[in-house]
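# Notes for the structure review
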Amino acid sequence: PRRLEQTPGASRWAIPIDALTIAVLAGYAKYATIAPPWEWDFWSIWGLKGRLFWAAHSIDWKFLLDREHDFAHLDYPLLLPLTFDVTAVVGGGWNDRWLGFLYVAFACSTLLVIRGLTEEEHGPIAGAVTTLAVTGCCCSGWVGLGEGPMLAYSSCALLLIRRSLRLNDRISPLGAVLLSFAALTKNEGLSLLIATLIGVTLSSKTRIRESALLVPIAITTALLLVRRLLHLQASDFHLAGLRNTMADLPGFLRTMTSVNPPHPILWIMFGSALVIGGAAFFERERLLITTIVLHLLACIAAYSLSALELGWHVRNSWPRVSSQIEPLIGFVVASFLLRYFPGQRSGPSGESESSIDVVFRGTCVAPDS
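Residues numbered from 1 in each chain as written. Predicted model: local features only at pLDDT ≥ 70, side-chain atom pairs only at ≥ 80, totals over all residues. Heavy atoms only, no water.

### Description of the packing of helix α8 (residues 173-183) against helix α9 (residues 188-203)
Note the threshold: Angles shown run from 0 to 180 degrees and are taken between the N-to-C directions of axes, each axis being a line fitted to C-alpha atoms and, for helices, limited to the stretch in contact. The helix and strand labels rest on DSSP assignments: H or I over at least four residues marks a helix, E over at least two residues marks a strand, and numbering proceeds from the N terminus. Handedness of a crossing is defined here by the sense of rotation of the near helix relative to the far one, left-handed for an anticlockwise turn of less than a right angle and right-handed for a clockwise turn. Whether two residues touch is decided by their heavy atoms; if any such pair falls within 4.5 Å, the residues are in contact. All amino acids are sorted into three groups, where Ala, Val, Leu, Ile, Met, Phe, Trp, Tyr, Cys and Pro are nonpolar, Asp, Glu, Lys and Arg are charged, and the leftover types, Gly among them, are polar.
Direction vectors running N to C along α8 and α9 enclose 145 degrees, while the axes themselves pass 7 Å from each other. Here α8 and α9 pass one another in a crossing that is left-handed. Between α8 and α9, the residues in contact are L179, A182 and A183 and G189, L190, L192, L193 and T196, respectively. When grouped by side-chain class, the residues that make up the contact of α8 with α9 number six nonpolar, two polar and no charged.

Encoded structure:
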């Protein structure tokens, strides 16, 4: 993103904050690479497909079309297993020992986008503080699963599209491509795409017709068509689950509220920001708020169709699913809080800085009005 001019003092204060962020990322890198991915879903779904595709030197359609392999969730999109195979191509063979570095890269890319966009709007100190605050949300604890790339693709896509709307530019082609990647990574990416299109429409009715958005729409349509033709349908969801849910709706709501997301305080702050900020804040963050709320509702609706034991299903998947949008929630919360540090002002040297930068510049002199 285009960066605003910075005062030397503000940039100097941002350095130690950025150093803390780098230290947290170093700790995450240690965690993510301490051993090969250990999650059961990596062994039975994501990593298994990646290794089979590597051995077959292509997508192993024979494996995917065999209903005896339903345990591997044959309907899941294939971008992540193919990403694992890219590392195998580069390394000259399959080796899952260091796949954790991919998840460090996903976290770093998300944080860099958040850092740049927040600095562009509010200055370097605000960018550094916001990035440090959301670092935990961007470092997925489920190494080897789809959550890491899903949160990276979706967060970067939405933030880049938001920037396009804010600057009244054309929809970011990179944001549109990343939105496609989210849909090709996990099934939740499909609901995220629909929620994003609705959010863009509500933000600007003319933008939905821009050619950039045709890319994720076309790719997602092709994905759904292939799944339909090959009968690769989800096995965890069925209309019978909806009947069970409607028969015990209070029990369904109790189950959904019994499991917390990874960072519950962040969600409380998000709800508080919506209430306190009111219509003016919603107008400013219409795209992100609309997308987050609609995506959450779609995920909850999916649980109402669960063919599995609901309590087990929610306990084992809701923390992961909810983690995918936490970077966006963190960005919205930061946007709300930064309202109390008014936008860009002219510093003593005539360069752009925000009032939070003035505070950290180590002076008690207020900027000239």
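There's more to say after this.
### Concerning the packing of helix α6 (residues 124-138) against helix α16 (residues 326-337)
To keep things clear, this is the line we draw: Oblique is the label for any angle not under 35 degrees, not over 145, and not in the 65 to 115 range, which are roughly parallel, roughly antiparallel and roughly perpendicular in turn.
In the contact formed by α6 and α16, the axes pass within 9 Å of each other and the chain directions differ by 160 degrees. Taken together, the axes of α6 and α16 are roughly antiparallel relative to one another. Where α6 crosses over α16, the two elements pack in a sense that is right-handed. Residue-level contacts link T130, V134, C137 and C138 of α6 to E326, P327, G330, F331 and A334 of α16. Residue classes in the contact of α6 with α16 are distributed as six nonpolar, two polar and one charged.

### Digging into the packing of aromatic side chains
To be explicit about the condition: Classification of ring pairs rests on two measures: the distance between centres of Phe, Tyr or Trp rings, Trp counted by its six-membered ring, which must be within 6.5 Å, and the angle between planes, read as stacked under 30 degrees, edge-to-face over 60 and tilted in between. Between buried and exposed lies partly exposed: a residue is buried under 20% and exposed over 50% of the maximum accessible area for its type, with that area taken using a 1.4 Å probe on protein chains only.
For the coordinates displayed, the defined rule picks out eleven aromatic pairs. The interplanar angle of 85 degrees and the centroid separation of 6.4 Å between the aromatic rings of W40 and W43 together place this pair among those described as edge-to-face. Residue W40 and its partner W43 are both found in helix α2 (residues 40-56); the two are separated by three residues, about one turn of the helix. Given a relative accessible area of 59%, W40 falls into the exposed group. Note on F42 and F84: the rings are 5.7 Å apart at their centroids and 70 degrees apart in plane angle, and the pair reads as edge-to-face. Remark: F84 occurs in helix α4 (residues 79-91) and F42 occurs in helix α2; sequence separation between them is 42 residues. F84 carries the same exposure label as F42, and that label is buried. Of the aromatic side chains, those joined through ring pairs into one cluster are Y103, F106, Y153 and F181.

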